[in-house]
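# Examining the three-dimensional arrangement
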Amino acid sequence: MNMEKSKKIKTSDLSLIDEVLSRSVDSVFPSKEKLKKELLSGRQMRVYVGIDPTAPYVHLGHATNFFLLKRLHKLGHKIIVLVGDFTAMIGDPSDKNAARIRLTKSEVKKNLKTYKEQIGKILNFEDKKNPIEFKFNSRWLSKLTFTDLADIASNFTVQQMIQRDAFERRLRENKPLYVHEFFYPLMQGYDSVALGADIEIGGTDQTFNMLAGRTLVEKMQEREKFVITTTLLEDPITGEKMMSKSRGTGIGMNDVPQEMYAKVMRLPDSGLLQCFIDCTELTKEEIAHILKNPPRESKMRLAHEIVKIYHSEKEATKAQEEFVRVFSNKDIPRILPKVELAGKETLENILIKEGVVSSKSEIRRLVESGGLKDMQTGEKIQDPKIVVSGSLILKIGKKRFLKIVTRTQKKE
RNA sequence: GCGUCGGUGGCGGAGUGGUCAAUCGCACUAGACUGUAAAUCUAGCGCCUUCGGGCUACGGAGGUUCGAAUCCUCCCCGGCGCACCA
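Residues numbered from 1 in each chain as written. Chains lettered and ligands numbered in written order. Predicted model: local features only at pLDDT ≥ 70, side-chain atom pairs only at ≥ 80, totals over all residues. Heavy atoms only, no water.

The subject of this paragraph is the overall build of chain A. Helices and strands together make up the secondary structure of chain A, namely 18 helices and 13 strands. Here the C-alpha coordinates of chain A stretch approximately 80 × 50 × 45 Å along the principal axes. Considering chain A as a whole, with its 412 residues, one finds that 45% of them fall into the buried category. By sequence separation, contacts in chain A at least 24 residues apart represent 69% of the contacts at least 6 residues apart. Charge-centre separation for chain A: the mean point of 71 positive side chains lies 3 Å from the mean point of 56 negative side chains. (Helix = DSSP H or I, 4+ residues; strand = E, 2+ residues; numbered from the N terminus. Buried < 20%, exposed > 50% of the residue type's maximum accessible area, 1.4 Å probe, protein only. Contact = heavy atoms within 4.5 Å. Lys, Arg positive; Asp, Glu negative; His and termini not counted. Charge placed at Lys NZ, Arg CZ, Asp CG, Glu CD.)

Here it is in structure tokens:
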């Protein structure tokens, strides 16, 4: 349409556009073809990803979306990272069979602290030519009145709302479904209106909410908002989410190198390809080449690659060496948590005080199963009540270590 | 408001007067095997313990009983149906 405004599209951009439309993309609403046409027009689009500050870290599952944003940024589009500080206080009912606990203001604020830094590992917030915006939806959502809400809500029917999977299921299973849960898609949808967004990107679990925004933009602003849903990091065999806090496999962007590396190594082999596609910027060819190696080597490469993104090449290499040292060679880690003792103390008291175990029963079980080891003698500890004097290096379970040293009394 | 069914461990879900710290499944932890993968096998999975046992738990508060997660009363919370809106 707007021939004058259209830029020339470079051939390098063409392949980037193809990547935008395919890499980690599940589906595009209304269609890939229509979006492609729009992207080829050269018009600058406003693109955003919403993220809820419900945890103090951004996990690797979100990286997929930020990489997609990065590609669009390269193409010259306007990028907005939207923090759902207001919506986080309502709780997203997506994929949950019960209403999520609502967060308080201070919890949200605490979680937010390092977000920009974490996301900044992928997106360049320093870009002066086409600055990336960082916005908070409390700016507009907290100002809406009941009248506004009624207005927004009048664009949807209850029937449309209860079509949503999570809602429908709870109705069917006679589980409580609260009225305020309907607000969530409305608010998230209104974000699109407030931002004047042309494209919203999010995981497939956000489809319903994002489409609500599509409806609102259409009704309130008479324009079209595109929705791109991205694949979730799931084990293709078990269907299990790879970034799960309950399984302890959630990898935070701010995890320290060693921990990050080890966590990647703990991911199931079957999800390797997906992780490479969604969590790194390696090309298809490079990925295919890497995956020709045995799984363990491929995974080590993945771990290295990921640590490199959030830390540095040097840190990644160090983490790798440490991993080999500790887990392949069963050696003592170079750096390990240390406790200093003033006087004599029994082992079980130390471990409880350090929060390594939560009760005496727990440590007893650990000892009985042979999960507590003295790394210097290589022997299993038989009695949790032994009095510690001098120094001791402990291995607790599979992956925890603790160094205990007794301070010499004279110096005091 | 009335009626009815229900509230058990991180979750799902048994148990309806004693043998119940509570079958079982999932999740989780440890051990074996390994590549800290997966799969598999074994053990554990409220707290304390001199390893005999002790203590606290089944929405909350009382009560009945030698004895209650189980029975009764009241309260709180949820589902469903009816009523209200008409």
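Our focus in this paragraph is the pairing of strand E12 (residues 392-396). Within E12, five of the five residues are buried, leaving the element largely enclosed by the surrounding structure. Residues Leu392, Leu394 and Ile396 of E12 are buried on one face, and the alternating residues Ile393 and Lys395, pointing to the opposite face, are buried as well. Note that strand E9 (residues 372-374) and E12 share three bridges and pair antiparallel. Bridge pairing links Asp374 to Leu394 in E12. Note: E12 against strand E13 (residues 400-406), five bridges, orientation antiparallel. In the strand pairing of E13, Lys395 is matched with Phe401. (Pairing = 2+ DSSP bridges.)

Let us look at the packing of helix H12 (residues 257-265) against helix H16 (residues 313-328). Contact pair H12 / H16: the axes reach a minimum separation of 9 Å and the direction vectors enclose 65°. Crossing of H12 against H16: the hand is right-handed. Only Glu315, Ala316, Ala319, Gln320, Glu322 and Phe323 of H16 make contact with H12, whose side of the interface consists of Pro257, Gln258, Tyr261, Ala262 and Met265. Here the contact of H12 with H16 is composed, by residue class, of seven nonpolar, two polar and two charged. (Axes fitted to C-alpha atoms, helices over the stretch in contact; angles between N-to-C directions. Left-handed = near helix turned anticlockwise from the far one by under 90°. Nonpolar A, V, L, I, M, F, W, Y, C, P; charged D, E, K, R; others polar.)

Looking now at the sheet that holds strand E3 (residues 78-83). If you walk across this open sheet you meet the six strands as E1-E6-E5-E2-E3-E4, and the pairing is mixed. Each having just a single partner strand, strand E1 (25-29) and strand E4 (133-136) make up the two edges of the open sheet. Within the sheet, the average angular offset between the axes of one strand and its neighbour, ignoring direction, is 25°. Judged from the five bridges that link them, strand E5 (residues 199-203) and strand E6 (residues 226-230) form a sheet pairing that is parallel. Within E6, the residue paired with Gly202 across the bridge is Thr229. Together, E1, strand E2 (46-51), E3, E5 and E6 form the strand contacts of helix H3 (residues 60-74), whose direction differs from that of E2 by roughly 165°.

Here we have five strands laid out as an open sheet, ordered E7-E13-E12-E9-E10, and mixed in their pairing. Each end of this open sheet is capped by a strand with a single partner; those strands are strand E7 (338-341) and strand E10 (379-380).

The next subject is the state of the cysteines. With the rule as written, the count across this model stands at zero disulfides. Unpaired in terms of disulfides, Cys275 finds its nearest cysteine sulfur in Cys279, a separation of 4.9 Å. Judged by its relative accessible area of 2%, Cys275 is buried. (Disulfide = S-S within 2.5 Å.)

Turning to the nonpolar core, a few remarks are in order. A general tendency of soluble globular proteins is for nonpolar side chains to be buried together. With 66 residues, the main nonpolar core has Leu35, Phe66, Leu69, Val81, Ile201 and Tyr310 as its most contacted residues. Once residues lying within four places of it in the same chain are set aside, the contact partners of Leu69 are Val47, Tyr48, Val49, Ile79, Ile80, Val81, Leu123 and Ile201. (Core = buried A, V, L, I, M, F, W, Y, C linked by side-chain atoms within 4.5 Å.)

Bringing the layout of surface pockets into the picture now. The volume enclosed by the second largest pocket comes to roughly 670 Å³. Taken together, 23 residues make up the lining of the second largest pocket; nearest its centre are Val256, Gln258, Glu259, Glu322 and Ile335. Among the secondary structure elements, those contributing two or more residues to the lining of the second largest pocket are H12, H16 and E13. Looking at the lining of the second largest pocket, the element that brings in the most residues is H16, giving eight residues. Across the lining of the second largest pocket, the residue classes tally to twelve nonpolar, one polar and ten charged. (1 Å grid on protein atoms, 1.4 Å probe; cavity = no way out; pocket = protein on both sides within 12 Å on 5 of 7 lines; lining within 4 Å. Points joined across faces, edges and corners; volume = space filled by probe spheres on them.)

Bringing the side chain of Ser192 into the picture now. With respect to the secondary-structure elements, Ser192 resides in helix H10 (residues 183-195). Setting aside residues no more than four positions away along its own chain, Ser192 makes contact with Tyr48, Ala197, Glu200, Gly213, Val217, Gln221, Arg223 and Lys225.

With that out of the way, let us pick up the confidence of the model for chain A. Mean pLDDT over chain A: 87, with 92% of residues reaching 70 or higher. Ranking the helices and strands of chain A by mean pLDDT puts E6 first, with 97, and helix H4 (residues 105-112) last, with 73. Taken as a whole, residues 1-6 scores under 50 in pLDDT and shows one contact with residues more than four places along the chain or in a different chain. Across residues 94-101 the pLDDT falls below 50, and counting only partners more than four positions away or on other chains, this stretch makes 20 contacts in the model. On the interface metric, ipTM, the complex scores 0.83, and its pTM is 0.87. (pLDDT = per-residue confidence, 0-100.)

Attention now moves to the packing of H12 against helix H15 (residues 295-310). Running from N to C, H12 and H15 cross one another at 145°; their axes reach a closest spacing of 9 Å. Like other packed secondary-structure pairs, H12 and H15 cross with a definite hand, here right-handed. In this structure, H12 uses Pro257, Met260, Tyr261, Val264 and Met265 to contact H15, whose residues at the interface are Arg296, Lys299, Met300, Leu302, Ala303, His304, Ile306, Val307 and Tyr310. Within the contact of H12 with H15, the residues separate by chemical class into eleven nonpolar, one polar and two charged.

Attention now goes to the pattern of salt bridges. Between side chains of opposite charge, a pair can form when the charged atoms approach closely. What the rule picks out here adds up to 26 salt bridges. Salt-bridge contacts for Lys70 lead to Glu281; the nearest nitrogen and oxygen are separated by 3.1 Å. Taken together, the residues Lys70 in helix H3 and Glu281 in the loop between helix H13 (272-279) and helix H14 (284-290) connect sequence positions 211 residues apart. Exposure remark for Lys70: the relative accessible area of 23% places this residue in the partly exposed category. On the basis of relative accessible area, Glu281 is assigned to the partly exposed category, the value being 43%. Glu133 is the partner of Lys78 in a salt bridge, and the nearest nitrogen-oxygen pair spans 3.6 Å. With Lys78 in strand E3 and Glu133 in strand E4, this pair connects stretches of sequence that are 55 residues apart. Judged by its relative accessible area of 12%, Lys78 is buried. One salt-bridge network, held together by shared partners, links Glu38, Arg43, Asp198 and Arg223. (Salt bridge = Lys/Arg side-chain N within 4 Å of Asp/Glu carboxyl O.)

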